[in-house]
Structure formats: C-alpha cells, structure tokens
Amino acid sequence: INGEDLIEWLNRNNMFVIELDSEKKWFRFHHIFKDLLESQLRLQLSNELINSYYIKASNWFNSQNLVTEAIHCAQKARAYQTIADILCQRRTTELNSDNYRIGKWLEYVPFDIQKERPELLLIKAWVAFQNSRIDIIIEVLAVIDLNHSLENVSPAIIGEIEFFKGLLAYYSGNGELSSKYLESAIKNFGSQKNLMLGEIQLMYALSLVFNGEKDKAITLLKACVKASEYNDILYITRIYGGFTLVNIILGDLVNAKNALALMRKNTHSSKSVFSITWGDYLSGWVALNSYEINEAIGCFCGVIEKRFLTDMFVSMSAYLGLINSYALSNRFDEAKNAIAELRNFIKLREISEFEHVANSSQVRLDLIMGKQETLIPILSRTIKAYDPLEVLFWLDSQVLNCFTIHIKYGTIKDIEKSIVSLCEIRESIKAANFMCQELDVILHISAAFFKLRRSQEAQEYMSEALGMAEEQSWYRPFVEFQELLLPVLKERIDNKLNTPFITELFRLTDQLNR
C-alpha cells in the first residue's frame, strides 16, 4: 500500500487523522491516539526493533531535508552516531544560515563522539563565535590539537581551524600572526561565497587594520564586493557590514554611510534576521557618532527587539549604543531602564563574565549626569592596563571612563598622570589605525591640558581632533564630554578660530541643555 492509499483508508475509517496543510500532503494523528499507538508499539515490539524504525524514519526525514524531525527520531533511538552523521552532512548549510539551531542539536551528541570528528568540534566553535565565547573556542582548538593530526582532513576544515587560530591571535593582540592564519584560511576555505567565508574575510581585514595596513584592508573588501555575484544575502551582509565597520574604526563616517547604503540596497528584500540586525546595528553607531540621536535610538531598538535571535555581540553593543543615545539626549530614566534590561539580558543568557560591560555603561551614564557621589570613589582605584581591542569589541571602554573621572574630578597630580598614560595609549591606538578611539583619547588629552591651564598644548590637541572630526561630522565625543571640552572650544572662538563645525557643536549642546 502506498502513502496516499493509507491516508485515504485512515480518513475513511475515522482514525483521528488531522490535515496539516491545504494541499493534503502532510497529516498527523491526534496526539492522544498517537500516544495510544506508541504505547502499543512498546508493548508488542522490542526496543531494538523500535529503535530501528526510528532510525529508518530519521533517514527518511533527512532525505526530505526535514532535519529537525530527523534529529528528533534519531534522538528517540539514542542513535548518537546517526545524529553526528546528520550534523556533519548538514553543518555547512546550517552554519551559513542565521538561526544556529545546529548548536542545540550538537548538545544531543555525547562529547566522546564529538571529539572524534573535527567537523563536530568546529560547530561548537562557530556557535561560541556567535556568542563571543572566546574561552570555548580556545577549548575546542585544544581538543582538536590533542586528538587530530589533520592529515586526512579537507582543506576547508583546515581553513576553519586557521580562522579560529587567527581570531585568537587577533584578540591576544598579535596582529601579524592573526593575518598569517587568516590569509591561509581564505586560501584553504575555497571560493564559495557564504557567511562563513564572509566572517573569515572580515576578520582578515580587521587584522590588516590592526597591523597598520588599512589600505590593504580596504582594497581586500572592495575586491570581495566586486567579485561577489550577490547570490548570498548573508555573505553580502558580512562584506558590506565589514566595509562599514572598518570605516567606522578608521574614523570615516562618510564612507561608512556609503557602504551602509550599498548594503541596504543589496539586502533590502531579505527577511534574514542577521541582515536586518547587522544593518540596524551599524546604522545605529554611524548615526550616534554623527549625533543623529533619534535615528540611532530607532536602529538600536530594532536590534534589541531581536536580541535573542541574533548574535550576542550585536545585541550587547546595541544596548550600549541605546544607553549612550538616551544619555546624550537627556533621557536619563530611559537610559537607566536600558541598563537594567542589559543586566537582565546578561543574566538570561548566562554570560556573567560580561557584567563589566553593564558596569561600564553605568559609569558612563553617571559621568554624563555628573553624579559625583558615585564617581569620586573610583579615583582611588588603579586604572587597569589599556587594551585597544576592548573598544573595538564593545565600542565602549572602562579605561577611558576612568581617565574622564580623573580629569574631571582628580587632583593636579591625577591629571598629569592621566596625560602621560593617555599619550602612551594614543601611540598604540594610532599604530593600529583605530582612529575612532584615537579621537576620544586626543580630546581627553586636550581637556586635561586645559584643566592644568596649559592652553597652548590644549589647543594644539584640539586642532588635531577637529581636523579628524570636521570633515566626517563626528560630533558624538564633543557632545558627550562637553563639560570638559566647551571651555577649550570657547577659547578658540575668542581667538577668532571658529568654524562651522564648532558653531554646530554649540548649537547642539545649547539645544540639549535647554
């Protein structure tokens, strides 16, 4: 008997069959009748035979591209090797989607089986990458190194391993080693343009920027755009998103906006959560630094609405951007609520190691609100070593917050020490081409000199900062640190050094302070 005849017989005999679609292709039994049939099955047949049926069903579902159902049947049979086979077969397709359900499926496979196959271990690494869990990636690479020689592994798998090694080298501050791994990863990975390759190419571009090779990074991303056949929305999103991110890092908001416009144009019809959230996330940061606050708030809220559907880094960064946007528009209650939401998000995602991000945003809000009672105690703390990658990772920095407090409320000795440290930090940032951070540091140095009444040096640094910001309309740090910076700018006006940019800054701050 074929399937169609069986369904017809079941319907004719009122066997509790329920249609699932209008085309009469899919049906199910009523759940109570299904439970009755399953209980009879267990009474009449051995577990071994029942499990063989589950495995047959799993294989059929897999052949019909119904992967969730295939995994479910294999799990019922405790056929963990079957699940492992399905995951290895489906991993590329699943990892190049934007749902990452494969991470949940991997949890059904015992670790003893996972460690036998680098393909399975790399699934775990990609899911960890999505959730910014560098510690898990380190563990995965250690298990691969311990258990696999990689002699019989495909070049694409080697490329993935090199990607993660390059990623770790990057976040440990070794840009040269990172570029070496990532360049090799691109060669080994192959030519198929998908999200995974986009991640590798973006990371390679960031490593080049970190090495001071910004022109090479821009050339690489332009070549990726030119060579793309625009047939993979997630790849296009990653490349244009990478282009935008690199331009933000380089302090070039004009080209960042141009890259965003191209990204939106080429992904406008996509319903991909990844494409939508990355577009909103990057648009939010460009708008915030341009001081287009309402647009920034709208973009960040769009990301946060999907915070459990997209990667953790984007979600948390969107919270930071939203908090800062509310603070810079004097919507302090909403900023406080956003911090509370961020702390709850960290708790729900069970990522307590990122609690420092919420703490940093609270300090930043207190600075804008001028809450001396909470800020003064921080003066006694030792400022931790500065990591330039910290701001790239979160677009926020605990260290810069501490320097702001020392300059604003500290003694002359505190301010003098801050200048020395900030000048050292600036050199490392400048070498890495992180101009988005360098602008903030230069403005801190200018404000510190002005507090010490060393006006000439303050104005020299302010001239440099204005030269970086004016053409790009990079208003955000001037407004954020207005209490420290407006006196320096007022002196420029008194000395007949006013510019349209400075005039607009005073208009924005006057409007904000009304």
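Read on for a plain summary of the structure. Here the structure is a predicted model, which means the values were calculated and not measured.

Description of the overall build of the protein chain
Alright, step 1. Counting its secondary structure elements, the protein chain contains 29 helices and two strands.
Alright, step 2. C-alpha extents for the protein chain along the principal axes are approximately 95 × 50 × 45 Å.
Alright, step 3. Counting all 514 residues of the protein chain, 52% fall into the buried class.
Alright, step 4. If you take every contact in the protein chain between residues at least 6 apart in sequence, the share linking residues at least 24 apart comes to 62%.
Alright, step 5. About 24,400 Å² of surface is accessible on the protein chain, with carbon and sulfur atoms providing 52% of the total.
Alright, step 6. Each charge sign in the protein chain was given a centre, from 55 positive and 64 negative side chains, and these centres are 2 Å apart.

Topic: the packing of aromatic side chains
Alright, step 1. The final tally for this structure, using the stated rule, is 18 aromatic pairs.
Alright, step 2. Look at Y170 and F210: their rings are 5.7 Å apart centre to centre, the planes differ by 65 degrees, and that puts the pair in the edge-to-face class. With Y170 in helix 10 (residues 155–171) and F210 in helix 12 (residues 195–210), this residue pair connects regions lying 40 residues apart in the sequence. F210 matches Y170 in its accessibility class, with the two residues each being buried.
Alright, step 3. Relative to F300, the ring of W285 has its centre 5.4 Å away and its plane inclined at 70 degrees; by these criteria the two rings are edge-to-face. Residue W285 is located in helix 16 (residues 273–289), and its partner F300 is located in helix 17 (residues 293–305); the two are separated by 15 residues in the primary sequence. Judged on exposure class, the residue W285 and its partner F300 are both buried.
Alright, step 4. Here the aromatic cluster, defined as three or more aromatic residues joined through ring pairs, consists of W126, F129, F163 and F164.

Focus: the environment of L282
Alright, step 1. Tracing the chain through its elements places L282 in helix 16.
Alright, step 2. A sequence separation of 26 residues divides L282 from A256, and the C-alpha atoms of the two residues are 8.8 Å apart.
Alright, step 3. Leave out the neighbours within four places in its chain, and L282 touches G241, T244, L245, I248 and L260.

Some words on the pattern of salt bridges
Alright, step 1. Here the structure, examined in full by the defined rule, presents 23 salt bridges.
Alright, step 2. As a salt-bridge pair, D145 and K165 come within 3.9 Å of each other at their nearest N and O atoms. Remark: K165 occurs in helix 10 and D145 occurs in helix 9 (residues 134–147); sequence separation between them is 20 residues.
Alright, step 3. What makes D145 partly exposed here is its relative accessible area of 48%.
Alright, step 4. Measuring nitrogen to oxygen at the nearest pair gives 2.9 Å for the salt bridge that ties E438 to R426. Of the two residues, E438 is situated in helix 25 (residues 435–451) and R426 in helix 24 (residues 412–431); the sequence distance between them amounts to 12 residues. With respect to burial, E438 and R426 carry one shared label: buried.
Alright, step 5. When salt bridges with common partners are traced through the structure, they connect R364, D440, R476 and E480 into a single cluster.

Quick notes on the nonpolar core
Alright, step 1. Ranked by size, the top nonpolar core spans 161 residues in total, and within it L87, F163, F164, M316, F478 and L489 carry the most contacts.
Alright, step 2. Ranked by residues supplied to this core, first place goes to helix 12 with 12 residues.
Alright, step 3. Those residues in contact with F478 that lie beyond four places of it in its chain are L443, M462, A465, L466, A469, L485, L489, F501 and L505.
Alright, step 4. Counting eight residues, the second-largest nonpolar core is a separate cluster that includes V363, L367, L375 and Y409.

What to know about unusual backbone geometry
Alright, step 1. At R78, a position not held by glycine, the phi torsion is positive, near 55 degrees.
Alright, step 2. Following the sequence through the fold, R78 ends up in the loop between helix 4 (67–76) and helix 5 (80–95).
Alright, step 3. The exposed category is assigned to R78, whose relative accessible area is 61%.
Alright, step 4. Phi at R453 is positive, roughly 65 degrees, even though this residue is not glycine.
Alright, step 5. Tracing the chain through its elements places R453 in the loop between helix 25 and helix 26 (455–469).
Alright, step 6. For R453, a relative accessible area of 80% translates into the label exposed.

A word on the packing of helix 14 (residues 233–249) against helix 15 (residues 253–267)
Alright, step 1. Viewed as axis vectors pointing N to C, helix 14 and helix 15 meet at an angle of 170 degrees, and their least axial separation amounts to 8 Å. It follows from the interaxial angle that helix 14 and helix 15 lie roughly antiparallel. For the pair helix 14 and helix 15, contact is made by I233, I236, T237, Y240, G241, F243, T244, N247 and I248 and by N255, A256, A259, L260, L262, M263, N266 and T267, respectively.
Alright, step 2. Considering only residue class, the contact of helix 14 with helix 15 consists of 10 nonpolar, seven polar and no charged.

Observations concerning the side chain of S315
Alright, step 1. Tracing the sequence through the fold places S315 in helix 18 (residues 312–327).
Alright, step 2. A relative accessible area of 0% places S315 in the buried class.
Alright, step 3. Other than its neighbours up to four places away in sequence, S315 contacts V303, R307, T310 and F345.

Description of helix 19 (residues 332–348)
Alright, step 1. For helix 19, spanning 17 residues, the distance from its first C-alpha to its last is 24 Å, which sits close to the expected 24 Å at 1.5 Å a residue.
Alright, step 2. Residues A335, A338, I339, L342, F345 and I346 constitute the buried set of helix 19. Taken end-on, helix 19 shows its buried residues confined to a sector of 120 degrees, consistent with a single buried face. Away from its buried face by more than 90 degrees, helix 19 exposes D333, K347 and L348.
Alright, step 3. For helix 19, the secondary structure elements touched by its buried residues are helix 18 and helix 20 (355–369).
Alright, step 4. Positive phi shows up at E350, right after helix 19, with a value of about 55 degrees.

Some remarks on the state of the cysteines
Alright, step 1. Under the counting rule described, the total for this entry stands at zero disulfides.
Alright, step 2. C88 takes part in no disulfide bond, and the closest cysteine sulfur, belonging to C73, lies 19 Å away.
Alright, step 3. Distance from the sulfur of C436, which forms no disulfide, to the nearest cysteine sulfur (C299) is 18 Å.
Alright, step 4. Taking the relative accessible area as the measure of exposure, C436 reaches 11% and is therefore buried.

Cut-offs applied
- Residues numbered from 1 in each chain as written.
- Predicted model: local features only at pLDDT ≥ 70, side-chain atom pairs only at ≥ 80, totals over all residues.
- Heavy atoms only, no water.
- Helix = DSSP H or I, 4+ residues; strand = E, 2+ residues; numbered from the N terminus.
- Buried < 20%, exposed > 50% of the residue type's maximum accessible area, 1.4 Å probe, protein only.
- Contact = heavy atoms within 4.5 Å.
- Areas by Shrake-Rupley, 256 points an atom, 1.4 Å probe, with all protein chains shown as cover.
- Lys, Arg positive; Asp, Glu negative; His and termini not counted.
- Charge placed at Lys NZ, Arg CZ, Asp CG, Glu CD.
- Phe/Tyr/Trp six-rings, centres within 6.5 Å; stacked < 30°, edge-to-face > 60°.
- Salt bridge = Lys/Arg side-chain N within 4 Å of Asp/Glu carboxyl O.
- Core = buried A, V, L, I, M, F, W, Y, C linked by side-chain atoms within 4.5 Å.
- Axes fitted to C-alpha atoms, helices over the stretch in contact; angles between N-to-C directions.
- Parallel < 35°, antiparallel > 145°, perpendicular 65-115°, else oblique.
- Nonpolar A, V, L, I, M, F, W, Y, C, P; charged D, E, K, R; others polar.
- Expected span 1.5 Å × (residues − 1).
- Arc of directions from axis to C-beta.
- Disulfide = S-S within 2.5 Å.

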